[in-house]
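Working through the structure, step by step
So you can see what is in the structure, the chains are spelled out below.
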Amino acid sequence: MTTGNSGLDTFPKLLLHHSEQRGERPAIREKSRGIWRTVSWRELAEEAAALAVAASVHGLQRGAHVALLGDNRPRLYAAMCASQCLGAVVVPLYQDAAADEIASVIRSAKVTHVFAENQEQVDKLLAILPRCPSLRCIVYDKDRGMRHYRQPELVSYASLLQQGRQLIAEKRAFLQAEVARGTGEDTAFVFFTSGTTGPAKGVVLTHAALIDRARVAAAIGDLKDTDVAMAYLPPGWIGQNLFGYVQPMVVGYCICCPESSDTMLADMREMGPTYLLATPRVLEALLKQVLLRMAETGGFKQRLYRYCMAAARRVNARRLAGESVSIGDRLVSMVGDLLIRGPLRDVLGMSKVRVAYTAGDAIDGDLLMFFRALGINLKQLYGSTETGFFVAVQRDGAIKPDTVGLPVEGVELKLTPQREILVRSPGLFKEYHGDAATTARAKNAEGWFHTGDAGYLGEDGQLRIIDRMANVGALRDGAHFAPKLIENKLKFLPYIKEAVAFGDGRDMVCALIDIEMAATSRWADRKSISYTGHADLASRDEVYALIADCIDKVNAQLASEPALAQCQIHRFAILSQELSADDGALTRTGKLRRNAIAEKYRALVEAMYGGRSEARLEGSSGEEPAEVKIRDAKLVAPAQTRKAA
Amino acid sequence: MTISVPSSILQSAQRAFPFGPPILELEQISLRFGGVQALTNISFNVLEHEIRAIIGPNGAGKSSMLNVINGIYRPQEGSITVRGEHLAEMTPTHAAEIGIARTFQNIALFRGMSVLDNIMAGRNLHMHATFMEVALQLPRARREETENRAVVEEIIEFLEIEHIRKVPVSRLPYGLQKRVELGRALAAEPTILLLDEPMAGMNIEEKQDMCRFILDVNDHYGTTVVLIEHDMGVVMDISDRVVVLDYGKKIGDGTPDEVRSNQDVIDAYLGVAH
């Protein structure tokens, strides 16, 4: 645990502390060329120091902004430390960001130095260089393909490091003074939030705010320096930085960088993380993979799996409700753990997970319960970039699937009459970068931040989130409508990847469906349905029938809850194309950008409400126009379910 | 069909490995199978660090030419000179020893073995431990295994096939199998790499990937590449010089632009009564 850390108010000071306290313990592991290579805390500190000295020679100054562009790699983390040693501000970017998005961030934050992973990222930067006069220096890590680049702005990480190692002896005093000059009130990071509405905003967070939140989280999770976490989420997202940089800096635990995103599962299995952060999207993908493989196995194994999981769910539900579990159920549960759940946890690389959080978006209750029934201590975490991520967390022994748990230490919550959640906490952001007007609108004089989320506190003190304020609406007959809930129920089903529900101000709910290609194509193979590609498969009548079945199930679920019975899905259409971040339909973390989607598919949505059975979509910029069919879903009468209930 | 390869790499930038003297010279090669004249009086050379293509319509003798270089076929007439050294008799083993590696038109991998093991097999010439040393895992065998594995892992990273390292080759799609075969040839650390239709049967993305890898191999390791291909577009984009064969005769030789404007070549491809 972290004791006697009171003077350690910045990340560079924490780094030096770890280098002295646990110098030979692993800080970062990276699988490279088939072997896990370890960087110890001492090595990390030395590399960061050398890099900082060399970067200052290349003109990096206190208060300047340094962007990081690449996947989770030890060298980019070292660059993060080095920049902060000099008092510079780190701006982590999404590695798949398009050149234009990068340009707008660099211009807005006046970034002077960029650490880029490889040629791909350098190419994007060079393309926007003429538009970004502030950009002076691009450091690249992997030199593959870089031999022919002659631009004066470019310098390789290796040569920078070498230069730093030569200079470090004479400059050590300078560096120590620079580190000592830093205080907790200095800005540590600017995160450009993807934003489900409007353009990205730069959220300014100080060292003190992040360190405070990480200490609180470490206490809740009882984290130790022997813990291990995977660094696999987008590095531009605050969640990855909190679990891959901020918390390791506070606690001293080790992070592991997988070889590539393709090898993530295998790498995770090799390292056996004990502390895990996953987005609902990642968990959905894992669940779908499990279901898909189970559907393809033999009848006996399938029955065994179903039986064991049903028993596990039952036991899990009773335990959460605080009821006693019968001896018979306990026995079945033990056998199930031996035969099914244990091996499944192992395959998912989660055998050793002590604490796992899901954050970043709302999670479906069934999805959460699947992983809990598997025996993984998965809990919900509520927070956003502006609030330093840790606002509310589910606690062991008090987990209710419909809540995000109790507010964490230091957080004050207040609700407006419109049910918007206001947060005041030491972890709150300082401001939006260079945008005083927006800052003033979001954060009032008393320090309350408007989260933009609608929710309420239950009598048990636990926070419940309804949806984004902007999404919460009502049907024309006055029934409450919160699209996220419906969509999450749809996305829980294996054949549906994304769903977009419409209904605010309308007289019924309609949905756009994006099929899960992997599962649906295998289903089509089994049914001997031939198709040429995504668009063709999505337009098949058989697939419409398949999705209609899925929607019927969801409608039955909705009908069983009186408050949601009116929100049953009346009509739906299957999109011929994946929703993707590149065409603006999703954020880089995979959340829906409703306005953009509504705009793009306006004709289709109007046709759904207009009662037509198909719509013609004009393809934007070079895409072929497509005919999309619209079908009715079966409704379940609430009266009928009342009888059944 | 055109394949986009960053033209900047080819033309404007300086080469990491400038062309050297001829590394491989073929003089007046003639090859007959009984009465069939497969190759007639063919001469050309390959410069060090060059990408040299051999093109021609089906049955032009391209693969025969490669097999002659590789020592599989022994020509009745003509001579082969490698690095100035005149070779009276070329055999496949000898070819491998002097640094010539190749891939095959029809993939010739060990189908039941993993990608890693297949590429390790390419290190054959770099392993000196005896059967018993390996069986008993004596120090030399273990040291060699580690050294060779390091080279193989570098190639795996180079070809971006980390995710299939342990997958049996038979389970891979065709394009990836081709890439693994390239990896096995690279594992021998060749000075001359012979590629027999590296892009045959591939879709456009796979072809683009393969082009990039061939250019990268040439750029990164300085390997001289001799490749056969009948997709003209691909060849013209990535080769430094091209030899054109038709009915076992050389009908053109020069840079892609020269070859493209050669009337004989145009006739051979568009078809003119012979």
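Quantities reported herein were computed from a predicted structural model and do not represent experimental measurements.

The rules behind these values
Residues numbered from 1 in each chain as written. Chains lettered and ligands numbered in written order. Predicted model: local features only at pLDDT ≥ 70, side-chain atom pairs only at ≥ 80, totals over all residues. Helix = DSSP H or I, 4+ residues; strand = E, 2+ residues; numbered from the N terminus. Buried ≥ 20, exposed ≤ 12 C-beta atoms within 10 Å, placed from the backbone. Pairing = 2+ DSSP bridges. Axes fitted to C-alpha atoms, helices over the stretch in contact; angles between N-to-C directions. Contact = placed C-beta atoms within 7 Å. Domains from an automatic or database assignment. Nonpolar A, V, L, I, M, F, W, Y, C, P; charged D, E, K, R; others polar.

We now examine the overall build of chain B. Of the regular secondary structure elements, chain B holds eleven helices and ten strands. Projected onto its principal axes, the C-alpha coordinates of chain B cover approximately 65 × 40 × 35 Å. Split into buried and exposed, the 274 residues of chain B put 36% on the buried side.

Right, let's get into the sheet that holds strand 6 (residues 100-102) of chain B. Residue and element names in this part refer to chain B. Taken together, six strands build an open sheet; the order of strands is 6-7-8-3-9-10 and the sheet is mixed. Two strands bound the open sheet, and with one partner strand each, they are strand 6 and strand 10 (249-254). Adjacent strand axes in the sheet meet at a mean angle of 15° when their direction is disregarded. Contacts from helix 2 (residues 62-70) reach strand 3 (51-55), strand 6, strand 7 (192-196), strand 8 (224-228) and strand 9 (241-246) within the one sheet, and its direction differs from that of strand 7 by about 150°.

Bringing the domain arrangement of chain A into the picture now. Partitioning chain A into structural domains gives domain 1 (11-211) and domain 2 (473-644). Taken over C-alpha atoms, the centre of domain 1 of chain A sits 42 Å from the centre of domain 2 of chain A.

Chain B puts 13 residues into the contact, and the matching count from chain A is nine residues. Those elements giving two or more residues to the side of chain B that touches chain A turn out to be helix 6 (139-158) and helix 8 (204-221) of chain B. Broken down by element, the side of chain B that touches chain A gets its largest block of residues, four residues, from helix 6 of chain B. Tallied by class, residues from the side of chain B that touches chain A come to four nonpolar, two polar and seven charged.

All names here are of chain B. Domain annotation of chain B identifies domain 1 (20-99 + 190-274) and domain 2 (110-189). Taken together, the contact between domain 1 and domain 2 spans eleven residues of the former and eleven residues of the latter. At the level of elements, helix 3 (92-97) and helix 8 are the ones that each hand at least two residues to the side of domain 1 that touches domain 2. Looking at the side of domain 1 that touches domain 2, the element that brings in the most residues is helix 8, giving four residues. Its residues assigned to classes, the side of domain 1 that touches domain 2 comprises eight nonpolar, one polar and two charged.

Turning our eyes to something else, we now look at unusual backbone geometry. Even without being glycine, A:S528 reaches a positive phi, approximately 55°. In this structure, A:S528 sits in the loop between helix 16 (517-526) and helix 17 (534-538). Using a count of 6 C-beta atoms within 10 Å as the deciding quantity, one classes A:S528 as exposed. If you check the backbone angles, B:E197 has positive phi at about 45° while not being a glycine. Within the element layout of this structure, B:E197 appears in the loop between strand 7 and helix 8.

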